[in-house]
Amino acid sequence: LVGGITGFGSNVVATPVLLLLGIPLPFVVTANLAISMVTRIGTAARLRAFVQPRRAWLLIAGSVPGLWIGTLLLIRVDAHTLKRGAGIAVIVAVLALMWNARRPPSPPIPGAPVIAGFLGGILGATTSISGVPPAILLARDRVHPRAFQAELAVFVLASNAIALVLLRVRGAFVVGALVPIACWIPGALLANAIGTHVGGRIPPRTFRIVAYTIVLIAGIVTVWTA
């Protein structure tokens, strides 16, 4: 439901919860990447008219080297360190964004989509929360909620597919994670459709507040679970 409303929040909610249940990080990453990829297909198709192709492709292109680095970190760095570092980075980023939101809109930063995609790739491969950096960028740029949902859906769909391939190549793909996915998908697809419909009706300012709040809570819980 949260993923449908915001375009990125499914893994932000699922990752801390699954980690709190004691499920290993590689299992969580594989499961979340796969199920969020599946749920984004419908959203990307439905809202494709709202996508700004150039920004979406820059986000995806930037994510590729980030995913490559992230998959290496997942298999070589202690899981607690990865979770704590990711959580702290998310908290700092969203606090900076909330401070910036009180000021007049800032001009676009050259190359920002590539950087956001790169950081999203690293977070996606290590903790499955790839949508956070692109979401922060789109919120900073005051993107309309429909464009926000659409571009994040395209980004998550493409980057997650690449991430799963790289995890398979690295030997970090957990085949057993596909079992619960089959059980979760029906409910996830229904809730995602409802969330996508609801998200388009939320006023832009309220939408940004919801996005900031979700990201901040996720960062705090991720540090806590570490």
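Scroll up for the structure.
Residues numbered from 1 in each chain as written. Predicted model: local features only at pLDDT ≥ 70, side-chain atom pairs only at ≥ 80, totals over all residues. Heavy atoms only, no water.

*Asks:* Any chance you could explain a nonpolar patch on the surface here in plain terms?
*Replies:* Residues Leu1, Leu190, Ile194 and Val198 make up a contiguous nonpolar surface patch of roughly 370 Å² in combined accessible area. With respect to the secondary-structure elements, Leu190 resides in helix α9 (residues 178–199). Of the residues examined, Leu190 reaches a relative accessible area of 56% and is grouped as exposed. (Patch = residues over 30% accessible without salt bridge, like charges linked within 9 Å, V, L, I, M, F, W, Y side chains within 5 Å. Areas by Shrake-Rupley, 256 points an atom, 1.4 Å probe, with all protein chains shown as cover. Salt bridge = Lys/Arg side-chain N within 4 Å of Asp/Glu carboxyl O. Helix = DSSP H or I, 4+ residues; strand = E, 2+ residues; numbered from the N terminus. Buried < 20%, exposed > 50% of the residue type's maximum accessible area, 1.4 Å probe, protein only.)

*Asks:* Where do I start with the packing of helix α3 (residues 25–46) against helix α6 (residues 112–127) in this structure?
*Replies:* The angle between the axes and the distance between the axes are what describe a pair of packed helices. The contact between α3 and α6 brings their axes to 7 Å, and the two run at 120°. Put simply, α3 runs oblique to α6. Facing α3, whose interface residues are Leu25, Val29 and Leu33, α6 presents Gly124, Ala125, Thr126 and Thr127. When its residues are assigned to classes, the contact of α3 with α6 shows four nonpolar, three polar and no charged. (Axes fitted to C-alpha atoms, helices over the stretch in contact; angles between N-to-C directions. Parallel < 35°, antiparallel > 145°, perpendicular 65-115°, else oblique. Contact = heavy atoms within 4.5 Å. Nonpolar A, V, L, I, M, F, W, Y, C, P; charged D, E, K, R; others polar.)

*Asks:* What is the right way to look at the nonpolar core in this model?
*Replies:* Membership of the largest hydrophobic core comes to 24 residues, with the highest contact counts inside it found for Phe8, Val12, Val132 and Phe148. Elements with a contribution of two residues or more to this core: α5 (79–101), α7 (132–140), α8 (145–170) and α10 (204–225). It is α10 that contributes the most residues to this core, six residues altogether. The residues touching Val132, leaving out its near neighbours within four places in the chain, are Phe8, Val12, Val90 and Val215. If you look at the next biggest cluster of nonpolar residues, it comprises 23 residues, including Leu18, Ala31, Met37 and Leu67. (Core = buried A, V, L, I, M, F, W, Y, C linked by side-chain atoms within 4.5 Å.)

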